[in-house]
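Coordinate analysis (summary)
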Amino acid sequence: MSEALGTLEELPEDYRAGMAAAGVAPLWPMMRNVLPHGAPNPATRPGHWRYGDVRPLLLRAGELTPVEKAERRVLVLSDPGRGAGAMQATATIYLGLQLLLPGETAPAHRHTPSAVRVLVEGQGGFTIVDGEKLPMEEGDLILTPGGEWHDHGHEGSDPVVWLDALDLPLFVMLEGSYAEEGDLQAHRNRPDASQVEYRAAGLAPTRGPERARPRYPQNRYPWTRTRAALDEMAAATDAALAELDYINPETGEDVLPTMGFTAMRLAPGTAHRPPKRSASAAFHVVAGTGRTTVDGKTIDWGPKDTFTAPVFAEIDHHAHDTAYLIRIHDRPLQEKLGYYEERPR
Ligand SMILES: [Fe+2]
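Residues numbered from 1 in each chain as written. Predicted model: local features only at pLDDT ≥ 70, side-chain atom pairs only at ≥ 80, totals over all residues. Heavy atoms only, no water.

1. Some details on the nonpolar core
Grouped together as the largest cluster of nonpolar side chains are 36 residues, with contacts concentrated most on Leu-95, Leu-97, Tyr-246, Phe-261 and Ile-328. If near-sequence neighbours (up to four positions away) are discounted, Ile-328 is found in contact with Ile-93, Leu-95, Leu-163, Ala-165, Met-259, Gly-260, Phe-261, Ser-280, Ala-281 and Ala-282. (Core = buried A, V, L, I, M, F, W, Y, C linked by side-chain atoms within 4.5 Å. Buried < 20%, exposed > 50% of the residue type's maximum accessible area, 1.4 Å probe, protein only. Contact = heavy atoms within 4.5 Å.)

2. Structural notes on the sheet that holds strand β15 (residues 271–272)
What the four strands build is an open sheet, ordered β15-β21-β18-β19; its pairing is antiparallel. The outermost strands of the open sheet, each flanked by one partner alone, are β15 and β19 (297–301). Pairing of β15 with strand β21 (residues 315–319), which is carried by two bridges, proceeds in the antiparallel orientation. Note that in β21 the partner of His-272 across the bridge is His-317. (Pairing = 2+ DSSP bridges. Helix = DSSP H or I, 4+ residues; strand = E, 2+ residues; numbered from the N terminus.)

3. Here's the deal with the coordination of the iron ion
Binding of the iron ion to the protein goes through His-109 (NE2), His-111 (NE2) and His-150 (NE2), at separations of 2.1 to 2.2 Å. Linear spacing of the donor residues for the iron ion on their chain is H-x1-H-x38-H. The pair formed by His-109 and His-111 is uniform in burial state, with each residue classed as buried. (Donors = N, O, S within 2.8 Å, 3.2 Å for Na, K, Ca; no water.)

4. Quick word on the side chain of Arg-117
Of note, Arg-117 is situated in strand β5 (residues 115–121). Look at Arg-117 and you get buried, because its relative accessible area is 3%. At a separation of 2.8 Å, a polar atom in the side chain of Arg-117 contacts the side chain of Thr-144. Ignoring any residue separated from it by four or fewer positions in sequence, one finds Arg-117 in contact with Met-136, Asp-140, Leu-141, Ile-142, Thr-144, His-150, His-152, Trp-162, Leu-163 and Asp-164. (Polar contact = N/O pair within 3.5 Å; in protein donor to acceptor, adjacent residues only side chain to side chain.)

5. Quick word on the pairing of β5
The two faces of the sheet receive side chains in turn, since in a regular strand these alternate between them. When you tally the buried positions in β5, you get seven out of seven residues, the bulk of the element. Pairing between β5 and strand β8 (residues 141–144): four bridges, direction antiparallel. What sits directly across from Val-116, in β8, is Leu-143.

6. Section: the environment of Ile-328
Among the structural elements, Ile-328 can be located in strand β22 (residues 323–329). A relative accessible area of 1% places Ile-328 in the buried class. Along the primary structure Ile-328 and Ala-89 are separated by 239 residues, whereas in three dimensions their C-alpha atoms are 11 Å apart.

The analysis is restricted to geometry; functional conclusions fall outside its scope.
As structure tokens, then:
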């Protein structure tokens, strides 16, 4: 081990004043802050948002603020490590719960960050992405990739709530985050691609020189199919966990450039201890109850709750009954940067 590094306080006053005047700073007192030994030192802390706590606040926002004055009526899930008001849940992942009331619309826009929605509650909500109308049923994963026009509407009779996940903090850090506004989109009069071109896993429209593969071929992943696939996988194994990644059906790659999504089925009464992953994660509970410890914090979760884990977290899951979770993570980004890693426990 090297000796302790010098501190700012050890340096003479006049030298410190000279550095400040010249617009420079010494690296060595900050060296371990920016390059800690062995593993990162995350600011992110485990968070847990009970749906029962947030839902009344969200519904009250529906009374207090008309959607016209909100554009998107969202309560952001703030990372406890960064404190109240933080516009992020982990270093790279923004999470928000969004409310749309019957008859309301959220105007069309497009932006550099990518987003997904996981429908939490309500029927009749829809998202239009680049002219394709995507119905939103409970647990569905809906993509609105960066640069694609999207707006939302609601044809049902009860409030619709979904969880938004965006790579917004990354784009803010890159100074690359901005949006353009547009008019509500007319949608094509046909079912979305999950019901036409990508009806069944392992099948895709015929390839050929005349047909360019779309970058984002499928923007809706119906939960009923995901759940059935998890159940069939679980029935064929005795593992505590069945896990499936959401992929682009044309390429097999993750569905978005920086964020990944993994559907999990935890068997009741068994423990699951994943490796320590370099990716940060958010877990959204579609169904079931259980207890998870994240870096020593005990989280007793139920349906529609969301909780988070920092990078390299020690995570232990224990489901009380059959539980279904969607894990939102930044593995795709880390793989592109060449440093994604899993460490055994
Ligand atoms: Fe958006």
